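Close look at the chain arrangement
Residue-level listing of the chains:
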Amino acid sequence: MHNHNSQDETSSRRIGLVFLLNLGFTIIEFIGGLLTNSTAIMADAVHDLGDSLSLGSAWLLSRWGQKTANNEFTYGYRRLTLFGAFLNSIVLIAGSIWVLTQAIPRLSEPVMPVTEGMLALAILGVTINGFAAYRISKGSTMNEKVLNWHLLEDVLGWIAVLVVSVILQFVDWPILDPLLSVGFTLFILFNVIRNFWATGKIFLQAVPDKNLHDEIRHKLLHIDGISDIHHQHLWSLDGEQHVLTAHLVIEGSLENGRYNSMKDSVAETLKPFSLAHTTIEIELKQEYCRDESAH
Ligand SMILES: [Zn+2]
Ligand SMILES: [Zn+2]
Ligand SMILES: [Zn+2]
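What you see is a predicted model; the values in this text were computed from it and never measured.

Quick notes on the pairing of strand 2 (residues 242-250)
- A large share of strand 2 lies buried, amounting to eight of its nine residues.
- In the sheet, strand 1 (residues 226-236) pairs with strand 2 via eight bridges, with the strands oriented antiparallel. Opposite Ile229, over in strand 2, you have Leu248 as the bridge partner.
- Remark: five residues form the turn of the hairpin made by strand 1 and strand 2, two consecutive strands paired antiparallel; Gly239 in that turn has positive phi of roughly 95 degrees.

Following this line, the structure appears as structure tokens:
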């Protein structure tokens, strides 16, 4: 237990460091993007702003998102992650649209950016993101693994800016800057919209995994004496912690300890699914279902 806590703490500290690094660099990028007049840098700046926001919320959550449930927030605070992801998506969509309004007109009328400044920022970008990826790669939590993968992608993005700024030192192709910017922004938008949809589904209490939903139903129906399941609702607090409610219809009577053995079988069946909250209603065949419209 002690070990686990101190591991969480160092993980939290690593994420905190990367967050501050990223935020500082984002500010440099926005200023640098304006000074160098490079839309590719601006696209990267918007992307890094999104990264800073998600790192910041990951950091906050690693500190107090794990707080236990109370009488008012009976499910705890896990859904804060969803809220963070939602805000992040909105910022990224707005930022991407702004970059596109800057970059698209330049496709027909390219403006040469200050390539020396671009080069310097790109070197800084590769260094900072490379360092952040290296720091996070020491972590073993799921959060850190996802972050690490993402930071490596960021290094690649900056290598692209680096290559373009080197090319622009030698040739007069200013269109490369808005081209890179538009390409990069469309890539960001594609990912944001995908995440936005995934988050939205969790908000709307969609089944987190159709196969899981079917498998649970199948396994429960396999228990001897269970003839039907209705009002089966499987939803997720945050994509990781799932909640299940269901009505199980039992054949025959529940006397002579059958009620207890039934409950034991249900508990045994549900155990491997590691659900966070389960509520099971046991109904007799002739019993009237309290909830409206069976489904
Ligand atoms: Zn990133
Ligand atoms: Zn229902
Ligand atoms: Zn029922």
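Here's the deal with the coordination of the zinc ion (ligand 3)
- Here the zinc ion (ligand 3) is held by the protein donor atoms His230 (NE2), His247 (ND1), Glu283 (OE) and Cys289 (SG), which lie 1.9 to 2.2 Å from it.
- Around the zinc ion (ligand 3), the four donor atoms are arranged such that angles at the metal cover 91 to 116 degrees; this shape is classified as tetrahedral.
- On the primary sequence, the residues serving as donors to the zinc ion (ligand 3) are separated as H-x16-H-x35-E-x5-C. Here the residue His230 occupies a position in strand 1, and Cys289 occupies one in the segment after strand 3 (277-284), the gap between them amounting to 59 residues. In this pair, the class of His230 matches that of Cys289, namely buried.

Quick notes on the domain arrangement of the chain
- Taken domain by domain, the chain comprises domain 1 (2-203) and domain 2 (210-284).
- Here the C-alpha centroids of domain 1 and domain 2 sit 42 Å apart.
- Each side of the interface is counted separately: domain 1 has six residues, and domain 2 has nine residues.
- When the two sides are added together, the surface that domain 1 and domain 2 hide from each other amounts to roughly 720 Å², 58% of it contributed by carbon and sulfur.
- Linking Glu240 and Arg78 is a salt bridge whose minimum nitrogen-to-oxygen distance equals 3.9 Å.
- At the boundary of domain 1 with domain 2, the tally comes to three residue pairs in polar contact (both at pLDDT 80 or more).

Cut-off values and rules
Residues numbered from 1 in each chain as written. Chains lettered and ligands numbered in written order. Predicted model: local features only at pLDDT ≥ 70, side-chain atom pairs only at ≥ 80, totals over all residues. Heavy atoms only, no water. Buried < 20%, exposed > 50% of the residue type's maximum accessible area, 1.4 Å probe, protein only. Helix = DSSP H or I, 4+ residues; strand = E, 2+ residues; numbered from the N terminus. Pairing = 2+ DSSP bridges. Donors = N, O, S within 2.8 Å, 3.2 Å for Na, K, Ca; no water. Tetrahedral: all angles 85-135°; square planar, octahedral: opposite > 155°, others 65-115°. Domains from an automatic or database assignment. Contact = heavy atoms within 4.5 Å. Buried area = accessible area lost by both parts, 1.4 Å probe. Salt bridge = Lys/Arg side-chain N within 4 Å of Asp/Glu carboxyl O. Polar contact = N/O pair within 3.5 Å; in protein donor to acceptor, adjacent residues only side chain to side chain.

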